[in-house]
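If you want the building blocks of each chain, they are given just below.
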Amino acid sequence: MSAEDLISRLGMVKEVKPRRGHKRSWIAQCPAHNDGSPSLYVDEGQSGNTLIKCWAGCGAQEVVDSVGICMSKLFPDSDYQHTFHKQKKDMDYHELHLQISENRRKNGQKQTAEDKQSELESFLALRGCN
């Protein structure tokens, strides 16, 4: 399904200047809530993906459910699977975390078991042990 197929199911659609390097962009009424004025952005990405954002807070799943399509239809690759990837913390994060922990100890602040565990994770990550 293309972005145009999705917007054909929406109300008060207006094409706008493409946002952030997208091919095309539209604003429309969000079908997932009682939308008095357009709050839904629909973008066609460079890869052909259809990207949606409701500025009133509706989730993408709510929007596609309300127009009767599957989330996978927003992506040109038919092998799309909805997965969440946990962002990996980088080395700068771990170094900063250890500095903060050290400063807290120097200032006499007590550490919780959770603080100690996360400090250990940062210590091991910086040594390539995670």
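The structure contained in this document is the topic of the report that follows. (Residues numbered from 1 in each chain as written. Predicted model: local features only at pLDDT ≥ 70, side-chain atom pairs only at ≥ 80, totals over all residues. Heavy atoms only, no water.)

**Focus: the overall build of the protein**
Put simply, the rule is: Secondary structure elements are defined from DSSP: runs of H or I of at least 4 residues count as helices, runs of E of at least 2 residues count as strands, and each element is numbered from the N terminus. Burial status follows relative accessibility: with a 1.4 Å probe on protein chains alone, a residue under 20% of its type maximum counts as buried, one over 50% as exposed, and anything between as partly exposed. Note on contacts: a residue pair qualifies if any of its non-hydrogen atoms lie within 4.5 Å across the two residues.
Of the regular secondary structure elements, the protein holds 4 helices and 4 strands. Element order for the protein, N to C, with α for helix and β for strand: α-β-β-β-β-α-α-α. Taken over 130 residues, the protein has a buried fraction of 28%. Across the protein, contacts joining residues at least 24 apart in sequence account for 35% of those joining residues at least 6 apart.

**Re the side chain of serine 25**
Put simply, the rule is: Counted as a polar contact is a pair of N or O atoms within 3.5 Å, where, for protein atoms, one must be capable of donating a hydrogen and the other of accepting one, and residues adjacent in sequence contribute only when both atoms are in side chains.
With respect to the secondary-structure elements, serine 25 resides in strand 2 (residues 24-28). Since its relative accessible area comes to 0%, serine 25 is described here as buried. In terms of polar contacts, serine 25 uses its side chain to reach the backbone amide nitrogen of arginine 19, at 3.0 Å. Apart from residues lying up to four places away in sequence, serine 25 is in contact with Lys14, Glu15, Val16, Lys17, Pro18, Arg19, Val42 and Asp43.

**Let's talk about the state of the cysteines**
Counted only if it meets this: Two cysteine sulfur atoms form a disulfide, by the criterion used here, when they sit within 2.5 Å.
Summed over the entire model, instances satisfying the criterion amount to 0 disulfides. No disulfide involves cysteine 30; its sulfur sits 3.7 Å from the nearest other cysteine sulfur, which is in cysteine 54.

**Things to note about the pairing of strand 2**
Regular strands show a simple pattern: their side chains alternate between the two faces of the sheet. Quick note on the threshold: Strand pairing is assigned whenever DSSP detects at least two bridges linking the two strands.
Across the 5 residues of strand 2, 4 count as buried, placing the element largely inside the fold. Taken together, the 5 bridges between strand 2 and strand 3 (residues 40-44) define a ladder with antiparallel strand orientation. When the sheet's bridge partners are listed, arginine 24 is paired in strand 3 with glutamate 44.

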